[in-house]
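Now for the letters of each chain:
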Amino acid sequence: MAVKSVALVAHDNKKKELVDWVAENRTRFAPLKLYATGTTGRLLRDNLERDDIHCLLSGPLGGDQQIGAKIAEGEIDLLVFFWDPL
């Protein structure tokens with residue numbers, strides 16, 4: 001099965017790193033449907049100049065659960081999570 005949709009999630013201290021990584025790989029992400037939690041999604045939209053990123057709620061406000069539900073329903077194929085162990 002080919003990956004067609006990707007969820008991008010990052011803890012606060014990793015958001016810049018995720019945005020930079022996606023920007024460096026923008027040609028690979030170009031054909032993909034992208035989902036992201038709140039602030040991460042807005043940062044990606046602004047930095048990548050893509051208005052087609054599906055922004056969900058902020059993680060602590062339910063965005064993590066929204067992504068989990070979309071994975072369970074088969075709507076999201078891959079989750080990329082830049083995690084900060086705090």
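What counts, and where the lines are drawn
- Residues numbered from 1 in each chain as written.
- Predicted model: local features only at pLDDT ≥ 70, side-chain atom pairs only at ≥ 80, totals over all residues.
- Heavy atoms only, no water.
- Pairing = 2+ DSSP bridges.
- Helix = DSSP H or I, 4+ residues; strand = E, 2+ residues; numbered from the N terminus.
- Contact = heavy atoms within 4.5 Å.
- Axes fitted to C-alpha atoms, helices over the stretch in contact; angles between N-to-C directions.
- Salt bridge = Lys/Arg side-chain N within 4 Å of Asp/Glu carboxyl O.
- Buried < 20%, exposed > 50% of the residue type's maximum accessible area, 1.4 Å probe, protein only.

## A word on the sheet that holds strand β1 (residues 5-10)
With respect to topology, four strands assemble into an open sheet ordered β3-β2-β1-β4, the strand pairing being parallel. Sheet topology places β3 (54-55) and β4 (78-82) at the edges, where each strand pairs with a single neighbour. Across two bridges, strand β2 (residues 33-36) lies against β3 in parallel orientation. Within the sheet, the bridge partner assigned to Ala36 lies in β3 and is Cys55. Packed on one face of the sheet, helix α3 (residues 38-48) meets β1, β2 and β3 and runs near 135 degrees to β2. The strands touched by helix α4 (residues 63-72) are β1, β2 and β4; relative to β1, the strand with the most contacts, the crossing angle is about 155 degrees.

## Details of the pattern of salt bridges
A side chain with one charge may pair with a side chain of the opposite charge, provided their charged atoms come close. Enumeration according to the criterion identifies five salt bridges in this entry. For the salt bridge of Lys16 with Asp20, the shortest nitrogen-to-oxygen distance reads 2.7 Å. With Lys16 and Asp20 both in helix α1 (residues 15-24), this residue pair falls four residues apart, about one helical turn. Given a relative accessible area of 32%, Asp20 falls into the partly exposed group. A salt bridge links Lys70 to Glu75; the nearest nitrogen and oxygen atoms lie 3.5 Å apart. On the basis of relative accessible area, Lys70 is assigned to the buried category, the value being 18%. Look at Glu75 and you get partly exposed, because its relative accessible area is 32%.

Take it as geometry only, folks, not as evidence of what the structure does.
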